[in-house]
Number of protein chains: 2
Amino acid sequence: MDGAGGGGRGAPVAPGAGPRVSSPAGAAALGGETEALATEPQQQGSTWLGRRLEELPTPALAVAEATARRNAERMLERCRALGVRLRPHVKTHKTLEGAALATGGTRRGIVVSTLAEARFFAAAGFDDILYAYPLPAGRLEECAALAERLDAFQVLLDSPGGLALLRQRPLAPGKRWLVWLKLDCGNARAGIRPTDAGALELARAIAEEAPAEVTLVGVYAHCGDTYRCGGVPEIQAVARATTAAVLDFVAALRQAGVPCPQAGIGSTPSCSHPVPEMSQLTELHPGNYIFYDLQQTLLGSCRPEDVALRVLTRVVGHYPHRNQLLVDCGWTALSLHGQSQLPTGFAAVEGHPELRLVGMTQEHGQLEAVAGSLDFGRFPVGSVLALIPFHACATAAMHPVYYVHTEGKVVALWHPVRGW
Amino acid sequence: MDGAGGGGRGAPVAPGAGPRVSSPAGAAALGGETEALATEPQQQGSTWLGRRLEELPTPALAVAEATARRNAERMLERCRALGVRLRPHVKTHKTLEGAALATGGTRRGIVVSTLAEARFFAAAGFDDILYAYPLPAGRLEECAALAERLDAFQVLLDSPGGLALLRQRPLAPGKRWLVWLKLDCGNARAGIRPTDAGALELARAIAEEAPAEVTLVGVYAHCGDTYRCGGVPEIQAVARATTAAVLDFVAALRQAGVPCPQAGIGSTPSCSHPVPEMSQLTELHPGNYIFYDLQQTLLGSCRPEDVALRVLTRVVGHYPHRNQLLVDCGWTALSLHGQSQLPTGFAAVEGHPELRLVGMTQEHGQLEAVAGSLDFGRFPVGSVLALIPFHACATAAMHPVYYVHTEGKVVALWHPVRGW
């Protein structure tokens, strides 16, 4: 992040920054003569290609390409070494480019969290997509359209009601619903507990109730409880327990004569330091690791230099009477995640451990010194600072465009899908 | 909010809900044969016109048109009664339709918080736009383009540096920079304190340094400190103090021979219960009131029935072993605002004071009973609940489209501008 507040004094601002990238919603609602002055459509963001990060209008989400690529390659390599397939979750970045990196260019085998993501990736040629969300009743027809179009559109369920729903809509000839059973192995969000009396029965029903219509592909457990751990040993204990619970369930199924070819777990903390037992699984489904963030750094999932995201912001005012700077990054650019979980406030300021982001409103951030007086001379109005986000998924969700850079020079713009 | 979980049992889900609204980002990146399966562009959202709220795919942001209109009309009426101009802030909704309502159809005289908003509204024929943000150094040329194009594009500054910046770029002949001086009368965010030695000097410099290039239009103070108050009497005390500070400053300017035609304050709490002294101002700049929210209800700014926003969500799972429901509303649809500030968690569930939204992840919300056991029979999987957001600005910022309804029937789709 050289060039964007990485060291001492922030970089000066380039005057007359030119056209801006902004949401296409405005442009879509407009037309004709007024368009020239409208919020420029996203394609004009290409104006920024080749420019330095410190020239970008702020706030801006910067992605270090080499870091994201390295994170993606390391996870692929880690899974190769374990002998399991990596099926990356794309919810953190929601971009075609991010998913291409995460799949090592195959564009096959991803996890999505919304049907908007499913359609977006499917339309761009991605296939073998797992929609990892309790199957929503009102959206069955959309799921069926994806299942009939793709080689493999897979769904997830955790209740007999979910299976009954699928049975209402048999797919076109030659297609069957590809189903993962979601297990709750301690995370306490979605999923049926493998120890529940009904869990084996549900798996059997998925596999056997209507084999021409529905197939049991696998079982999956999201070990999101790793986010409540205090470090790598605890995370590995959760990963070990989750893996064992999933494998025990698959063994019990096999014992009962129910085939279940796939078994997976996921979460960036568990997959960043996998335990050997995970090699007995067939798939891993982490997502955040492509960017990482402060939360992951604190958990021990990554080193500080592995965090690919920054929110670039500029100093917009000095308020020495209260020992504060204002910057142009509020919660619309960073989110409120991490509040009161960091000694440096809502984020960390790269290269400036002496600063604390103590407050944010919609478009303003308030920075003060962790201790003592602020040296205002080091932060002239207009200088650029780089904030390291607490939660990459939440911060990325606030941005209509990501500025992807190599050593501080913008090399690509990524446009995420939004909505549901 | 009749029809969306307003009373007892949630409404059943309409099967096969049809095409979806989602971000146009995906569609923009795609083309040709694959487009049909892509995330549908926003214009196809018109499929939902005339449908009932309970048929919408969830999560969805619902705006009660009559409530928003009534909120807008009441604020206009309140300002007429005071004899001051209402210059509504559009940052809460960021939509052309919301701004048309808030200006009583004149489409003149608004406040924006970003240049993306400024361009969006300007392109749609809005004029007399105040960009109420410390003038950003790198964006001077964009401001100049707006100033030269509009009848009145007004800027705000709070430092001699801001004035020096403006002086670097004189406008085309016949145009002058229209400047508001931002005062900090206790809010402690942007602004120069009226008691600061330099405040009068700065106002004088704006007015007199280069009268052919720069004009002092007015002084403005955002009394955001009303959000830290414990009720209407405290809010009115802040409003009274802020008004007095602004008017005293204007009087001192006049005394010093510096003309300052306009004087304003703003914040939804202060403008919802204005004190008589505010009639001596010329403008008020509230914004949130068009939607209101739980925070405003708690502050006393509005009655519960004045809150126009709901996030519609569906039950996606029953987890009786931990006495929890899952719903399809995570922080991507609600934001994290309000966390630990409500007895009902992150939001209130309309018609269900017995429910508490205790946790959210990206796409999941966890509901449990405030006390005792949950009556799962009242909330079948697929039933719709309506969440009342804590902070309308933050929740609206998460949605690419707002479903505007009259008595539960969708009558319009509003598309907000995003980005910077």
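Please read these numbers as outputs of a predicted model, since none were measured by experiment.

## A word on the overall build of chain A
For chain A, the count of helices and strands is 12 helices and 17 strands. Across the 420 residues in chain A, those meeting the buried criterion constitute 64%. Relative to all contacts within chain A whose residues are 6 or more apart in sequence, the contacts with residues 24 or more apart total 68%. As displayed, chain A offers around 13,600 Å² of accessible surface, 54% of which is attributable to carbon and sulfur atoms.

## A closer look at the UniProt feature "domain: D-serine dehydratase-like" (unreviewed entry) in chain A
In the UniProt entry, the feature "domain: D-serine dehydratase-like" (unreviewed entry) is given for residues 308-406 of chain A. Secondary structure across residues 308-406 of chain A divides into 9% helix and 40% strand, with the first and last C-alpha atoms of the span separated by 11 Å.

## Things to note about helix H4 (residues 115-123) of chain A
Residue and element names in this part refer to chain A. Most of H4 is tucked away: 9 of the 9 residues are buried. Of the residues making up H4, those classed as buried are Leu115, Ala116, Glu117, Ala118, Arg119, Phe120, Phe121, Ala122 and Ala123. Directly beyond the C-terminal end of H4, a positive phi value near 95° is found at Gly125.

## Describing the packing of H4(A) against helix H5 (residues 140-149) of chain A
Residues and elements named next belong to chain A. As a packed pair, H4 and H5 sit with axes 11 Å apart at the nearest point and diverge in direction by 25°. When the axis of H4 is compared with that of H5, the two are roughly parallel. Both H4 and H5 take part in a crossing whose hand is left-handed. Two secondary-structure elements touch here, H4 through Leu115, Ala118, Arg119 and Ala122 and H5 through Glu142, Cys143 and Leu146. Considered class by class, the residues forming the contact of H4 with H5 number 5 nonpolar, no polar and 2 charged.

## Section: the pattern of salt bridges
A complete count under the given rule lists 57 salt bridges over all chains for this structure. Linking B:Arg69 and B:Glu65 is a salt bridge whose minimum nitrogen-to-oxygen distance equals 2.6 Å. With a gap of 4 residues between them, B:Arg69 and B:Glu65 both fall in helix H2 (residues 65-82), about one helical turn apart. Residue classification places B:Glu65 among the buried residues on the basis of a relative accessible area of 16%. Salt-bridge contacts for B:Asp196 lead to B:Arg193; the nearest nitrogen and oxygen are separated by 3.0 Å. Given the relative accessible area of 23%, B:Asp196 is considered partly exposed. Residues joined by salt bridges that share partners form a network here, namely A:Arg70, A:Arg74, A:Arg303, A:Glu305 and A:Asp306.

## Quick notes on the pairing of strand S16 (residues 402-406) of chain A
All names here are of chain A. Counting buried positions along S16 gives 4 out of 5 residues, so the element sits mostly inside the fold. Two elements, strand S1 (residues 60-64) and S16, share 4 bridges in a ladder whose sense is parallel. By the bridge assignment, Leu61 is partnered in S16 with Tyr402. Hairpin connection of S16 to strand S17 (residues 409-414): 2 residues between the antiparallel strands, including Glu407 at a positive phi of 45°.

## What to know about the sheet that holds strand S3 (residues 108-112) of chain B
Residues and elements named next belong to chain B. As summarised here, the arrangement of the 8 strands in space is S2-S9-S8-S7-S6-S5-S4-S3, forming an open sheet in which the pairing is parallel. The open sheet has two edge strands, strand S2 (85-86) and S3, and neither has a second partner. Bridging between strand S7 (residues 214-222) and strand S8 (residues 262-266) involves 5 bridges; their strand directions are parallel. Across the sheet, the residue bridging to Tyr220 is Gly264, located in S8. Together, strand S4 (127-134), strand S5 (153-157) and strand S6 (177-183) form the strand contacts of helix H5 (residues 140-149), whose direction differs from that of S6 by roughly 120°. On the sheet, helix H6 (residues 160-167) packs against S5, S6 and S7 and is oriented at approximately 145° with respect to S5.

## Details of the pairing of strand S13 (residues 355-360) of chain A
Residues and elements named next belong to chain A. Pairing between S13 and strand S14 (residues 365-369): 5 bridges, direction antiparallel. In the sheet register, Gly359 faces S14, and the bridge partner there is Gln366. In this structure, the hairpin formed by S13 and S14 is closed by a connection of 4 residues.

## Describing the sheet that holds strand S5 (residues 153-157) of chain A
All names here are of chain A. Strand order in this open sheet of 8 strands is S2-S9-S8-S7-S6-S5-S4-S3, and the pairing throughout is parallel. Each having just a single partner strand, strand S2 (85-86) and strand S3 (108-112) make up the two edges of the open sheet. By the bridge criterion, 2 bridges tie strand S8 (residues 262-266) to strand S9 (residues 283-284) in an arrangement that is parallel. In the sheet register, Ile265 faces S9, and the bridge partner there is Leu284. Along the sheet, helix H6 (residues 160-167) makes contact with S5, strand S6 (177-183) and strand S7 (214-222), crossing S5 at roughly 145°. Sheet strands touched by helix H7 (residues 197-208): S5, S6 and S7. Its angle to S7, the strand with the most contacts, is close to 145°.

## As for the packing of helix H7 (residues 197-208) of chain B against helix H8 (residues 232-255) of chain B
Residue and element names in this part refer to chain B. It is at 11 Å that the axes of H7 and H8 come closest, and there the two elements cross at 60°. If you check the angle between H7 and H8, you find them oblique. Between H7 and H8 lies a crossing of right-handed hand. Along the contact surface, H7 presents Ala199, Leu200 and Ala203, while H8 presents Phe249, Ala252 and Leu253. Its residues assigned to classes, the contact of H7 with H8 shows 6 nonpolar, no polar and no charged.

## Describing the environment of A:Ala245
All names here are of chain A. Here Ala245 lies in helix H8 (residues 232-255). Measuring from C-alpha to C-alpha, the distance between Ala245 and Thr268 comes to 19 Å, with 23 residues separating the pair along the chain. Excluding its chain neighbours within four sequence positions, the residues that come into contact with Ala245 are Cys185 and Pro194.

## Re the state of the cysteines
Applying the stated criterion to the full structure yields 0 disulfides over all chains. For B:Cys185, which is in no disulfide, the shortest distance to another cysteine sulfur is to B:Cys223 and amounts to 8.7 Å. Not part of a disulfide, B:Cys329 finds its nearest cysteine sulfur in A:Cys393, a span of 17 Å.

## As for the packing of aromatic side chains
All names here are of chain A. With the rule as written, the count across this model stands at 10 aromatic pairs over all chains. On the numbers, 5.3 Å between centres and 85° between planes, the contact of Phe121 with Phe126 is edge-to-face. Overall, Phe126 belongs to the buried group, its relative accessible area being 1%. A centroid spacing of 6.3 Å and a plane angle of 20° characterise the contact between Tyr131 and Tyr133, whose relative ring orientation is stacked. Accessibility assignment for this pair places Tyr131 and Tyr133 in one class, buried.

## Re the nonpolar core
Counting 126 residues, the largest nonpolar core has B:Phe121, B:Phe153, B:Trp177, B:Leu181 and B:Phe291 as the members making the most contacts within it. Ranked by residues supplied to this core, first place goes to H8(B) with 8 residues. Those residues within four positions of B:Leu181 in sequence are excluded, and the remaining contacts are B:Leu157, B:Asp158, B:Ile192, B:Ala199, B:Leu202, B:Ala203, B:Ile206, B:Leu216, B:Gly218, B:Val219, B:Tyr220 and B:Phe249. By size, the runner-up hydrophobic cluster in this structure holds 125 residues, among which are A:Leu96, A:Leu183, A:Leu284 and A:Val315.

## A look at H6(B)
For H6(B), every residue scored as buried is listed here: B:Gly162, B:Leu163, B:Leu165 and B:Leu166. Angular distribution of buried residues about the axis of H6(B) spans 155°; they occupy a single face of the element.

Cut-offs used in this document
Residues numbered from 1 in each chain as written. Chains lettered and ligands numbered in written order. Predicted model: local features only at pLDDT ≥ 70, side-chain atom pairs only at ≥ 80, totals over all residues. Heavy atoms only, no water. Helix = DSSP H or I, 4+ residues; strand = E, 2+ residues; numbered from the N terminus. Buried < 20%, exposed > 50% of the residue type's maximum accessible area, 1.4 Å probe, protein only. Contact = heavy atoms within 4.5 Å. Areas by Shrake-Rupley, 256 points an atom, 1.4 Å probe, with all protein chains shown as cover. UniProt positions renumbered as here; feature names shortened; annotations may be inferred. Axes fitted to C-alpha atoms, helices over the stretch in contact; angles between N-to-C directions. Parallel < 35°, antiparallel > 145°, perpendicular 65-115°, else oblique. Left-handed = near helix turned anticlockwise from the far one by under 90°. Nonpolar A, V, L, I, M, F, W, Y, C, P; charged D, E, K, R; others polar. Salt bridge = Lys/Arg side-chain N within 4 Å of Asp/Glu carboxyl O. Pairing = 2+ DSSP bridges. Disulfide = S-S within 2.5 Å. Phe/Tyr/Trp six-rings, centres within 6.5 Å; stacked < 30°, edge-to-face > 60°. Core = buried A, V, L, I, M, F, W, Y, C linked by side-chain atoms within 4.5 Å. Arc of directions from axis to C-beta.

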